[in-house]
Amino acid sequence: MPKLGIVISNYNGWQDTLACLESLGRQTFRDFEVVLLDDGSPNDSVRQLEPHLPPWVVFLPQKENLGFAAANNLGMKRALADGAEYVLLLNNDTVCAPDMLEQLLRHAPAGAVCCPKMLFLDAPQELWFAGGELDRRTMGVVHLGGHEPDGPSYSKPREVSFITFCCVLLPRAVVEQVGFLDESLFMYCEDVDYCLRLQDAGIPLWYLPQAVLWHKAGASGGGALSMYYITRNTLTLRCRGAGPAVRTLRGLRVLIPGAARYAATRLIGRPRGRSCGIYRGARDFLRGKTGRMPPE
């Protein structure tokens with residue numbers, strides 16, 4: 001089987017990262033290297049991780065928070081430089097079945113980008129992701145099987161139009177053809193953008209249920225932070241190639257109701273929720289801001 005480079009980014013979640021690495025240490029497929037990045041965690045993640053890392057982990061702690069896209073790009077470049085024929089992007093808040101890597105590599109169609117079946121870690125028989133669908137008009141995505149019990153209808157491999165980058169297997173040739181993640185998005189929607197680029201390049205995406213992992217969904221974000229990036233980045237993707245008038249109209253359609261909800265939450269003393277993220281995300285899209293969410 002080909003050599004595999006596994007890229008994991010940690011941000012404040014060293015406990016989850018160690019559990020993920022422990023599951024990788026039990027894999028039946030062994031010809032892999034893990035490139036682990038600490039993405040500028042302000043807590044003691046680096047100190048907690050360093051004494052417990054096995055020899056098959058390359059640790060690259062960063063001095064500042066680069067964002068999901070840039071951190072994973074660094075890891076991908078290191079994995080490819082080390083000779084990996086495949087790169088697996090893997091969230092740190094996952095636990096992999098012992099044969100997940102073997103099953104992914106064994107069943108991956110030639111030249112395809114693939115993902116495993118993903119179940120909730122706290123509800124091990126409940127589906128989090130069984131492939132996805134992407135609407136190119138709205139940039140909306142649907143997790144097939146989400147919150148449904150695992151069963152025969154989700155046990156057949158199939159081609160899909162969207163794969164979450166919680167776990168995605170990328171052949172070296174695909175990365176060389178399509179390139180790396182869009183760092184201007186910082187975090188969230190980079191997988192939507194990449195799946196669009198894969199489709200445009202004629203590269204198939206496959207859901208492979210023979211491979212299984214469990215995901216601690218929501219461990220890396222939530223609330224205003226998530227909604228800020230999702231709102232801003234979705235608008236960015238929807239409006240690529242559109243003129244200024246279209247960009248303004250689409251942004252205002254989100255900004256105006258978002259601002260109204262945000263104002264209402266301020267009146268009742270809860271200004272930091274989802275409405276704050278939606279309002280600020282639409283506002284910064286109209287201002288042309290990319291990268292890290294700016295402070296208030």
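Residues numbered from 1 in each chain as written. Predicted model: local features only at pLDDT ≥ 70, side-chain atom pairs only at ≥ 80, totals over all residues. Heavy atoms only, no water.

1. Observations regarding the environment of Gln125
Inference 1: Looking at the element boundaries, Gln125 is found in the loop between strand 6 (113–120) and strand 7 (127–129).
Inference 2: Once the C-alpha coordinates of Gln125 and Pro295 are considered, the two residues, 170 residues apart in sequence, prove to be 40 Å apart. (Helix = DSSP H or I, 4+ residues; strand = E, 2+ residues; numbered from the N terminus.)

2. Some details on the pairing of strand 2 (residues 32–38)
Inference 1: Strand 2 sits mainly inside the fold: seven of its seven residues count as buried.
Inference 2: Where strand 1 (residues 4–10) and strand 2 come together, seven bridges link them in parallel fashion. Following the sheet pairing, Val7 is matched in strand 2 by Val35.
Inference 3: Crossover connection from strand 1 via helix 1 (residues 14–24) to parallel strand 2: handedness right-handed.
Inference 4: Direction of pairing for strand 2 relative to strand 3 (residues 57–61): parallel, over a ladder of five bridges. In the sheet register, Leu37 faces strand 3, and the bridge partner there is Leu60. (Buried < 20%, exposed > 50% of the residue type's maximum accessible area, 1.4 Å probe, protein only. Pairing = 2+ DSSP bridges. Right-handed = clockwise from strand over helix to strand, strands pointing away.)

3. As for the side chain of Ser45
Inference 1: You can see Ser45 is positioned in helix 2 (residues 45–49).
Inference 2: The exposure class of Ser45 is buried, given its relative accessible area of 0%.
Inference 3: Leaving out residues up to four positions away in the same chain, Ser45 has contacts with Asn10, Asn12, Gly13, Trp14 and Asp38. (Contact = heavy atoms within 4.5 Å.)

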